[in-house]
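Residue-level structure breakdown
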Amino acid sequence: PSNRTGIMTPELSFSTSVLFNLSSYIGGYNLGRFCEVSALVGAGYSCILETVPAHYVTAKFGADVRMKMSDRVSLNVVPYIPMHVNKMGFRYGFSTSIGLLYDFSSNVQTPGSAGRYFITLSGGLQLQNSAQVRDARARDFIGVRYDLGFGRRFTDCFDLRAVASYSTHTWMEYSDGTRMPSDYYAIRMEGV
């Protein structure tokens, strides 16, 4: 819902992101490397459909850090700065996603041999940052997020997947104890 009116506010957005593997560029391709660091750059379009639609050009800049815990398990940390620009102004923030990746394929070294179709499941925490939650208890600005994806692998270097996401947390709590929840739903198509 909108923070001003409490009315559900749909948003339509399209974006693309590119990863450039700095570790391989500097040190060469190495499947055994513990830490891979990639630069992340993205651009897109967003339309928030309130009473008067608000159109934005979006961008994000950041890093994708993948730390290999074993042949199959990696810890992935992606800090980035999302930006929205339109004729009314410029806004930006800070976002980080943290997750564990597990490779279920029968041959870890050649992902193309795992089959053409795959399912992804993920979940985690989201942290909200606003004037209303800064002075609150930690449990008030921590929420949960779930993702379910279905994809098809076309080559070792390109996958296409559809992902449905849901996240929720308590935006604020009124003095009478009533909580104002904030729920986010997203469906996106990703080329990976």
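What you are looking at is a predicted structure, and each value in this text was computed from that prediction instead of being measured. (Residues numbered from 1 in each chain as written. Predicted model: local features only at pLDDT ≥ 70, side-chain atom pairs only at ≥ 80, totals over all residues. Heavy atoms only, no water.)

The secondary structure content of the chain amounts to 3 helices and 10 strands. Starting at the N terminus and walking to the C terminus, you meet the elements of the chain as β-α-β-β-β-β-β-β-α-α-β-β-β. By residue count, 24% of the 192 residues in the chain fall in the buried class. Sequence-distant contacts, at least 24 apart, represent 46% of the contacts inside the chain between residues at least 6 apart. Roughly 13300 Å² of accessible area belongs to the chain as shown, and the carbon and sulfur atoms make up 63% of that amount. (Helix = DSSP H or I, 4+ residues; strand = E, 2+ residues; numbered from the N terminus. Buried < 20%, exposed > 50% of the residue type's maximum accessible area, 1.4 Å probe, protein only. Contact = heavy atoms within 4.5 Å. Areas by Shrake-Rupley, 256 points an atom, 1.4 Å probe, with all protein chains shown as cover.)

Attention shifts here to the side chain of Ser38. Note that Ser38 resides in strand β2 (residues 35-48). The class of Ser38 is buried, set by a relative accessible area of 9%. If we ignore the near neighbours within four places in the chain, the residues touching Ser38 are Leu19, Phe20, Asn21, Leu22, Gly62, Ala63 and Asp64.

Side chains of Val57, Ile81, Val85, Phe90, Tyr92 and Phe94 sit close together on the surface and give an oily, nonpolar patch of about 670 Å² of accessible area. Secondary-structure elements contributing two or more residues to the nonpolar patch are β4 (73-86) and β5 (89-92). Among the structural elements, Phe94 can be located in the loop between β5 and β6 (95-102). In this structure Phe94 comes out as exposed when scored by relative accessible area, which is 62%. (Patch = residues over 30% accessible without salt bridge, like charges linked within 9 Å, V, L, I, M, F, W, Y side chains within 5 Å. Salt bridge = Lys/Arg side-chain N within 4 Å of Asp/Glu carboxyl O.)

Pairing analysis gives 4 bridges linking β4 to β5, with the strands arranged antiparallel. Residue pairing across strands places Asn86 opposite Gly89, the latter belonging to β5. (Pairing = 2+ DSSP bridges.)

On to the packing of aromatic side chains. Counted by the stated rule, this structure contains 5 aromatic pairs. A ring pair is formed by Phe20 and Tyr25, whose centres lie 5.4 Å apart and whose planes are at 55°; its orientation type is tilted. In this structure Tyr25 comes out as exposed when scored by relative accessible area, which is 64%. Measuring from ring centre to ring centre gives 6.0 Å for Phe154 and Phe158, while their planes differ by 35°; the resulting arrangement is tilted. By relative accessible area, Phe154 is classed as partly exposed at 39%. Taking the ring centre of Tyr80 as reference, the NZ or CZ of Lys60 above it sits at 5.0 Å. Just above the ring of Tyr56 sits the side chain of Arg91; from NZ or CZ to the centre is 4.8 Å. (Phe/Tyr/Trp six-rings, centres within 6.5 Å; stacked < 30°, edge-to-face > 60°. Lys NZ or Arg CZ within 6 Å of the ring centre and 35° of its normal.)

In this section: the confidence of the model for the chain. Close reading of the predicted structure is inappropriate where its pLDDT is low. Averaged over all residues, the pLDDT of the chain equals 80, while 81% of them reach at least 70. Taking the mean pLDDT of every element in the chain, the minimum, 61, falls on helix α2 (residues 131-134) and the maximum, 93, on strand β3 (residues 54-68). (pLDDT = per-residue confidence, 0-100.)

This part is about the pairing of β4. In the sheet, β3 pairs with β4 via 10 bridges, with the strands oriented antiparallel. Residue Lys60 lies in a different strand from β4, and its bridge partner there is Pro82. What sits between β3 and β4 in their antiparallel hairpin is a turn of 4 residues. Sheet topology places β4 next to β6; 8 bridges connect them, and they run antiparallel. Its bridge partner lying in β6, Pro79 is registered against Thr96. In this structure, the hairpin formed by β4 and β5 is closed by a connection of 2 residues.

The next subject is the environment of Ala162. Looking at the secondary structure, you find Ala162 in strand β9 (residues 158-173). Overall, the relative accessible area of 32% leaves Ala162 in the partly exposed class. In this structure the C-alpha to C-alpha distance between Ala162 and Met189, which are 27 residues apart in sequence, comes to 4.5 Å. What Ala162 contacts, discounting residues up to four positions off in sequence, is Leu148, Gly149, Phe150, Arg188 and Met189.

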